[in-house]
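# Commentary on secondary and tertiary structure
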Amino acid sequence: MTADLKPIRNEADYDAALEEVGRLWGAKSGTPDGDRLDVLATLIDAYEAKHHPIDPPDPVEAIRFRMEQQGLTRKDLEPMIGPRNRVADVLNRKRGLSIDMIRQLHDGLGISAEVLIRPSRMDKVA
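Quick notes on the rules
- Residues numbered from 1 in each chain as written.
- Predicted model: local features only at pLDDT ≥ 70, side-chain atom pairs only at ≥ 80, totals over all residues.
- Heavy atoms only, no water.
- Helix = DSSP H or I, 4+ residues; strand = E, 2+ residues; numbered from the N terminus.
- Contact = heavy atoms within 4.5 Å.
- Domains from an automatic or database assignment.
- Expected span 1.5 Å × (residues − 1).
- Buried < 20%, exposed > 50% of the residue type's maximum accessible area, 1.4 Å probe, protein only.
- Arc of directions from axis to C-beta.
- Polar contact = N/O pair within 3.5 Å; in protein donor to acceptor, adjacent residues only side chain to side chain.

### Concerning the environment of E78
With respect to the secondary-structure elements, E78 resides in helix 4 (residues 74-81). Dropping the residues within four chain positions of it, E78 is found in contact with P83, R84 and V87.

### Looking at the domain arrangement of the protein
With domains assigned, the protein is organised as domain 1 (9-50) and domain 2 (57-115). In this structure, domain 1 and domain 2 have C-alpha centres spaced 38 Å apart.

### Examining helix 1 (residues 11-24)
Here helix 1 is 14 residues long and its end C-alpha atoms lie 20 Å apart, about the 20 Å a rise of 1.5 Å per residue gives. Buried residues of helix 1: D13, Y14, A17, E20, V21 and L24, and no others. Each buried residue of helix 1 lies within a common arc of 130 degrees when the element is viewed along its axis, so the set occupies one face. For helix 1, exposure combined with an orientation more than 90 degrees from the buried face picks out A12, E19, G22 and R23. Structurally, helix 1 contributes buried residues whose contacts are with helix 2 (32-51). Among the residues of helix 1, the N-terminal cap falls to N10, whose side-chain oxygen and the backbone nitrogen of A12 are separated by 3.1 Å.

Laid out in structure tokens, this is it:
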């Protein structure tokens, strides 16, 4: 019989939960093992959100990633950002994004406004 579920309070509990998830992986939903897997995944997710948060990506990295995903060139960004030199300045972190650029990039590329509004790495250093 498996042990009772309990909150994940420390790294040892976290490691044990991950190990059990590995053992239960693939359990059919609606079965006791499947239900246990669902509950453990929820507990692990809550622990990771609190103790191992992942920062959203840098806005310039997000733009570059989306360009790569969609096979876009710098010229493709001109309707959203402005003339060629402005696109270059943004991608080279010499210029921040304006609210209008953020709206255009969000609508045109589907990048979260929450990601785009963050300061870029260059801005954080300055």
